[in-house]
Amino acid sequence: MDDERNTEPIPRYQMNWAEFKHHILETKAVRRAGEPIYRGQCNSSWRLQPSLQRLTPPVSHDSYVASIVPEAYRLLGGYLDADLDLAKAAELNRFLGVLQHHGFPTPLLDWTRSPYIAAYFAFSDLTFASPTHDCVTVWMLNATFTVEFFRQHGSVAPYEMVTPHHRCNSRLLAQDGLFTRSLSEQPLDGALAAGMQEHGHPGLLQRFDMPVFEARRALADLALMGLHPGTLFPGIDGACRWLKQAFFMENTYLPSPRVQALLAAVASPHRGGAME
């Protein structure tokens, strides 16, 4: 594991899949009081930015809540197993969670209490696609501690925790999931980095980057832990995803763009500026 912190003030660790598992076990980061939460992203260049903030042109939060969410509920409410009062924050958050898990833009970011479930989501998009980047990232946020830390320093954390009831959202239960809701126009990592630098605490948010060629090894390992589409996406959709992965995922080496370039250079008839 490379402990060099490449992006200050956010600690950034380069490691392979085996080192990541070892780190999780050694730090006893799984299931403890005040535990951290985790998010997996398949591209290490991506920021912690909810889908609503990535829209072009941008949509203001106020107009989103006032106009778009009520219309979405009018059209989708019949699919839910309970009536919701969107004027109540808890029920609004519950509906936003449902929208988030079905691909609709929201101000939420998905997180999980399990580092291994986060790793699944970091690697899973590479199952059938050639990578366009060298690393995936698992983010670790000391969520509850961070909110209290900002409060003790007379400021407000740039997010709020959203933990809607699992009713109406079986995926949330299966994925041990919860959300953050951004209170800043910045991506969450940028807003937290500024606060960490101001208050002098480097450990509120950390990231672990792993090479994309570990994807097939990691996904096979996670499947042995019982973490695969059949368990993380309850219903026939998840079952079909799992069958697709089981029957059609190649077990071949998955080179990153950097490795692809090196292989192409080795295979080229022009080496060292001279033709062989």
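Predicted, not measured: the structure shown is a model, and the values here were computed from it.

Engineer: Can you lay out helix H8 (residues 215–224) for me, pointing to particular residues and giving the numbers?
Structural biologist: Within H8, the full set of buried residues consists of Ala215, Arg216, Ala218, Leu219 and Leu222. Along the axis of H8, the buried residues cluster in a sector spanning 165°; they form a single face. Among the exposed residues of H8, those pointing more than 90 degrees away from its buried face are Arg217 and Leu224. In this structure, the buried residues of H8 make contact with helix H1 (17–26), helix H4 (115–124) and helix H10 (236–248). Just beyond H8, the residue with positive phi is Gly226, at close to 85°.

Engineer: Could you give an account of the pairing of strand E2 (residues 37–41), with specific residues and numbers?
Structural biologist: The buried count for E2 comes to five of five residues, which makes it a mostly enclosed element. What you see with E2 is no split at all: Ile37, Arg39 and Gln41 on one side and Tyr38 and Gly40 on the other are buried throughout. For E2 and strand E4 (residues 135–141), the ladder comprises five bridges, and the chain directions are antiparallel. Among the inter-strand pairings, Tyr38 is bridged to a residue of E4, identified as Met140.

Engineer: Explain the packing of aromatic side chains residue by residue, including any values.
Structural biologist: For the structure on display, the rule yields nine aromatic pairs. Considering the side-chain rings of Trp17 and Phe123, the 6.1 Å spacing of their centres and the 90° angle between planes classify their relative orientation as edge-to-face. With Trp17 in helix H1 and Phe123 in helix H4, the pair connects residues that are 106 residues apart, well separated along the chain. As far as the burial class goes, Trp17 and Phe123 line up, both buried. Judged by centre distance (6.4 Å) and plane angle (80°), the ring pair of Phe149 and Phe150 falls under edge-to-face. Among the aromatic side chains, those forming a connected cluster through ring pairs are Tyr13, Trp17, Phe20, Phe123 and Phe208. In this arrangement the basic side chain of Arg241 is found over the ring face of Phe233, its NZ or CZ atom lying 4.0 Å from the centre.

Engineer: Explain the side chain of Thr106 to me, using residue names and the numbers behind them.
Structural biologist: Here Thr106 is to be found in the loop between helix H3 (89–101) and strand E3 (108–112). A distance of 2.5 Å separates the side chain of Thr106 from the side chain of Gln100, its partner in a polar contact. Separated by 3.0 Å, the side chain of Thr106 and the backbone nitrogen of Leu108 make a polar contact.

Engineer: Outline the packing of H4 against H8, supporting the account with residue identities and numerical values.
Structural biologist: One way to put it is that H4 packs onto H8 with a least axis distance of 10 Å and a crossing angle of 140°. One element, H4, and the other, H8, form an angle in the oblique class. When you trace H4 past H8, the crossing you get is left-handed. From H4, Tyr116, Ala119, Tyr120, Phe123 and Ser124 reach across to H8, where they touch Ala215, Ala218, Leu219 and Leu222.

Cut-offs and rules
- Residues numbered from 1 in each chain as written.
- Predicted model: local features only at pLDDT ≥ 70, side-chain atom pairs only at ≥ 80, totals over all residues.
- Heavy atoms only, no water.
- Buried < 20%, exposed > 50% of the residue type's maximum accessible area, 1.4 Å probe, protein only.
- Helix = DSSP H or I, 4+ residues; strand = E, 2+ residues; numbered from the N terminus.
- Arc of directions from axis to C-beta.
- Contact = heavy atoms within 4.5 Å.
- Pairing = 2+ DSSP bridges.
- Phe/Tyr/Trp six-rings, centres within 6.5 Å; stacked < 30°, edge-to-face > 60°.
- Lys NZ or Arg CZ within 6 Å of the ring centre and 35° of its normal.
- Polar contact = N/O pair within 3.5 Å; in protein donor to acceptor, adjacent residues only side chain to side chain.
- Axes fitted to C-alpha atoms, helices over the stretch in contact; angles between N-to-C directions.
- Parallel < 35°, antiparallel > 145°, perpendicular 65-115°, else oblique.
- Left-handed = near helix turned anticlockwise from the far one by under 90°.

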